[in-house]
Number of protein chains: 2
Amino acid sequence: MPNKPSTIKDIAKMLNISVSTVSKALHNHPNIGAITKERVLSTAKQLNYIPNKTAIHFKQQKTFTLGIIVPTLLDHFYTIAVDGFEKVASNAKYTVLIGQNQESFQREKELVSVMQSNRIDGLLIAISKETDNLDHLRRLEQSGIPVLFFARKPINEVYTCISSDVYRAAKDAVDLFVSRNHRRIAFINGPSHWTTSRDRYLGYRDGLLKNKLPIVKDLIRESDLSTPNNYKALRELMQLPNPPSAILLFKDYLMLDVMTCLRTEFPAYYPSTELIGYGALPLFSHFEHPPLASLKEQPFEIGAKAGSLLLEWIDHPQQERKPQLISLPCKLTLF
Amino acid sequence: MPNKPSTIKDIAKMLNISVSTVSKALHNHPNIGAITKERVLSTAKQLNYIPNKTAIHFKQQKTFTLGIIVPTLLDHFYTIAVDGFEKVASNAKYTVLIGQNQESFQREKELVSVMQSNRIDGLLIAISKETDNLDHLRRLEQSGIPVLFFARKPINEVYTCISSDVYRAAKDAVDLFVSRNHRRIAFINGPSHWTTSRDRYLGYRDGLLKNKLPIVKDLIRESDLSTPNNYKALRELMQLPNPPSAILLFKDYLMLDVMTCLRTEFPAYYPSTELIGYGALPLFSHFEHPPLASLKEQPFEIGAKAGSLLLEWIDHPQQERKPQLISLPCKLTLF
DNA sequence: TTGTAGGCGTTATCAC
DNA sequence: GTGATAACGCCTACAA
């Protein structure tokens, strides 16, 4: 028979004092006598008192809860970003509500609605692949809940977004390829409506220009990151009369597919075709033939930075926030 | 200037009716006139009304929230279990609070405390490696919040736990090894205080017995699943005068370390030493030399089953629950 | 130093 | 069919 959790009322009754005294005593309020405080604290412990957060949230109109929405936790980039975010949040005594939109716009809207209903104090989000309308997030902002983007942001929307410095990283990758004598360097990009894809492209382009190499349209492909389309993109490249000798890839998970496709369908080009992706997945350390390199991102730091910024916004709701793009450096990591 | 979320009070005022009418209308209460209902609904939409869950949770003494605590979301077994759990929960209009204990007992206690304070309605947990005391969970149970274990359970504790049928799986693995003419079959197990380790061992033992092979103590090792200790366990096996030709492993993540150690430190035995782990990680499909096989678990189904059971317990709090061990079959999967 | 009272948004009970 | 009211647990001005 589960006994109901005890409340400050129970403590008050037991000590024949008022609830407000109990409340103050529990919060170390200055004008509560030492003896009273002592008695309250010990009775609280004795009754196994645990503050009822549902009541506190309700009363305070504040839940000390942050939401984070990611496409999927199977992608370690996001899992680690969640870790960084939680670290900062829990240091500030905030709880984190995690949601996976599973790349579905519908699911994302539901998650946002649930979180809004649960009155989260702020949201960090990497939008789904399908998301082409930000009304659900605007509604959040309008009700006073700050929204911060990370990793993905539609090109035409003006919002603050934290991500990796993928532009610089792409340039570095091209430099490395060139230094290894590659001249036909291909690029498989992600969805073109994200800033992070555009920036990768610009870095790739500027890297080629800087090295006086031509921009060849045939060498540039786009994938929605699904395995079939990753394969399709690679096949198109390898079936060119003159296939590339090096490929820059939007992401390590895309690179995994590309490696497997290359090995099984184009063995003559494997492992000679050199690859660089984004992410630096630790699992490559288990590979016999790891790719040439990866642009190591800093998901933990991105999550942590996002957490601090969001908390800052929450603590200073009046302060005007001008949208900005924040980016953390990537590090070209050879395997 | 963020305008506060509107409440049923606002709707009531705007229509000059009472809050109770509004509340009933919003809930499709039978004795509300069609016209009134219509007006309420449309005003609600117009005011962008979103029910305040903090108030509802408080009022109902129920949060429609389930907690799930896992060691880490970097392990896809747990990530997928979370997915199954969430699927069932969200179908029943429950929200899920996810926590990672990061294999720390301290962190686990904090998580449980936060969740208890947030008045979750039930908890599913895979305890940390360090957890050797279940008082924090007993306290939950005592306050009426059901606790369900999965994947890991201390041997001496009587609780309901959902996991894979690892016993049967181990026997199957031994059979496969034997059919491939292996006679010296080693086993690297996980922490011995978990039932899931004991059961793996029993399956391994009975598999050997069934095939009339001796139980050789030297061929059995234990690791706490950390990379250094995974390496250590393998080295001890391979440095035996007569190393094993096949190894059964507690988990695929352990197998990854073992494969890498084998390849780099004992190349003469790689890839001839055949390996079978638990998990069937999809990433093996990207390996040039995948292991022999893996015992494919069903994390999604485990999470889903756990969700249904927990919801059942919540819906029937009076009903007595007798502790039981529930296990879902593994499937021996060749790569 | 301690106590009283009002209120946060919602639902349920009971009256009309 | 609709409305008034109490209650959930906690906090906080204000009163004593």
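Up top is the structure.
Remember, it's a predicted structure, so these values are computed and weren't measured experimentally.

## Observations concerning the pattern of salt bridges
Piece 1. One pass over the full model with this rule turns up 30 salt bridges over all chains.
Piece 2. In this structure, the salt-bridge partner of Glu141(A) is Arg321(A), at a minimum N-O distance of 2.8 Å. Within this pair, whereas Glu141(A) is found in helix α7 (residues 135-142), its partner Arg321(A) is found in the loop between α12 (299-315) and β11 (325-328), the two being separated by 180 residues in sequence.
Piece 3. When the shortest N-O distance is used, the salt bridge between Arg235(B) and Glu265(B) registers 2.7 Å. Pair noted here: Arg235(B) is in helix α10 (residues 227-238) and Glu265(B) is in helix α11 (residues 252-265), with a separation of 30 residues, a long-range link.
Piece 4. You can call Arg235(B) partly exposed: its relative accessible area is 30%.
Piece 5. By sharing partners, the salt bridges in this structure join Asp135(A), Arg138(A) and Glu157(A) into a single network.

## Points about the environment of Leu41(B)
Residues and elements named next belong to chain B.
Piece 1. Turning to its location among the elements, Leu41 is positioned in helix α3 (residues 34-46).
Piece 2. Here Leu41 falls in the partly exposed class, since its relative accessible area comes to 39%.
Piece 3. Measuring from C-alpha to C-alpha, the distance between Leu41 and Val22 comes to 8.7 Å, with 19 residues separating the pair along the chain.
Piece 4. Leave out the neighbours within four places in its chain, and Leu41 touches Ala25 and Leu26.

## Here's the deal with the environment of His57(B)
Residue and element names in this part refer to chain B.
Piece 1. If you trace the backbone, His57 turns up in helix α4 (residues 53-60).
Piece 2. Among the residues examined, His57 registers a relative accessible area of 9% and is labelled buried.
Piece 3. Between the alpha carbons of His57 and Pro271 there is a distance of 57 Å; along the sequence they are 214 residues apart.

## Here we look at the sheet that holds strand β10 (residues 293-296) of chain B
All names here are of chain B.
Piece 1. Spatially, the six strands line up as an open sheet ordered β7-β6-β8-β9-β10-β12, and their pairing is mixed. Taken across any chain shown, the strands that pair with only one partner, and hence form the sheet edges, are β7 (220-222) and β12 (331-334). With direction set aside, neighbouring strand axes in the sheet form an average angle of 20 degrees.
Piece 2. Sheet analysis places strand β8 (residues 246-249) next to strand β9 (residues 274-278), joined by three bridges and oriented parallel. Note that in β9 the partner of Ala246 across the bridge is Glu274.

Parameters and conventions
- Residues numbered from 1 in each chain as written.
- Chains lettered and ligands numbered in written order.
- Predicted model: local features only at pLDDT ≥ 70, side-chain atom pairs only at ≥ 80, totals over all residues.
- Heavy atoms only, no water.
- Salt bridge = Lys/Arg side-chain N within 4 Å of Asp/Glu carboxyl O.
- Helix = DSSP H or I, 4+ residues; strand = E, 2+ residues; numbered from the N terminus.
- Buried < 20%, exposed > 50% of the residue type's maximum accessible area, 1.4 Å probe, protein only.
- Contact = heavy atoms within 4.5 Å.
- Pairing = 2+ DSSP bridges.
- Axes fitted to C-alpha atoms, helices over the stretch in contact; angles between N-to-C directions.

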